[in-house]
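Examining the three-dimensional arrangement
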Amino acid sequence: MTLSEYRRLIDETDAQLVALLNQRAELVIAIARLKHAQGLPVRIPAREDEVLTQVTAHNTGPLDHQAMRRLFEQIIAESRRLEHHILGTSEDSPPKS
Ligand SMILES: C=C(O[C@@H]1C=C(C(=O)O)C=C[C@H]1O)C(=O)O
């Protein structure tokens, strides 16, 4: 395959990643509203650990577990940011009652 053909495949893969990340973000928004209604905080460290454990369990490379973990730590951080944006809260404040 040529360089431009590989780059075309990268572009298509990136488009799929963008769609999947936004699909995940829609789920995060739904969860944010449910947690807010139940008086739960945005950040649930035990759940974040579970997500990261599952991600590395599914990972078969060539990205190593640490690389995948760093990527998902960033995704989770952006998810929390989105939740706060949707709820009108800040990272430092406790959940609104
Ligand atoms: C989406 C949630 O909210 C936060 C974001 C998480 C994520 O992006 O996976 C996990 C836990 C929470 O800190 C959740 O509680 O499930």
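The chain carries the name chorismate mutase in an unreviewed UniProt entry, which gives Chloracidobacterium validum as its organism.

1. A short note on the layout of surface pockets
The gaps of empty space that remain are located by a probe, the size of a water molecule, rolled over the atoms. Counted as a void, the largest pocket has a volume near 410 Å³. R24, V28, I31, R47 and V51 are, among the 18 residues lining the largest pocket, the residues nearest its centre. Only α1 (3–37), α2 (45–58) and α3 (65–87) provide two or more residues apiece to the lining of the largest pocket. Here the element with the most residues in the lining of the largest pocket is α2; it accounts for 6 residues. Taken as a whole, the second largest pocket spans an internal volume of roughly 170 Å³. Along its surface, the second largest pocket is lined by L17, L20, L21, Q23, R24, L27, F72 and I75. Those elements that place two or more of their residues in the lining of the second largest pocket are α1 and α3. In terms of residue count, the dominant contributor to the lining of the second largest pocket is α1 (6 residues). Along the lines of polarity and charge, the residues of the lining of the second largest pocket split into 6 nonpolar, 1 polar and 1 charged.

Calculation notes
- Residues numbered from 1 in each chain as written.
- Predicted model: local features only at pLDDT ≥ 70, side-chain atom pairs only at ≥ 80, totals over all residues.
- Heavy atoms only, no water.
- 1 Å grid on protein atoms, 1.4 Å probe; cavity = no way out; pocket = protein on both sides within 12 Å on 5 of 7 lines; lining within 4 Å.
- Points joined across faces, edges and corners; volume = space filled by probe spheres on them.
- Helix = DSSP H or I, 4+ residues; strand = E, 2+ residues; numbered from the N terminus.
- Nonpolar A, V, L, I, M, F, W, Y, C, P; charged D, E, K, R; others polar.

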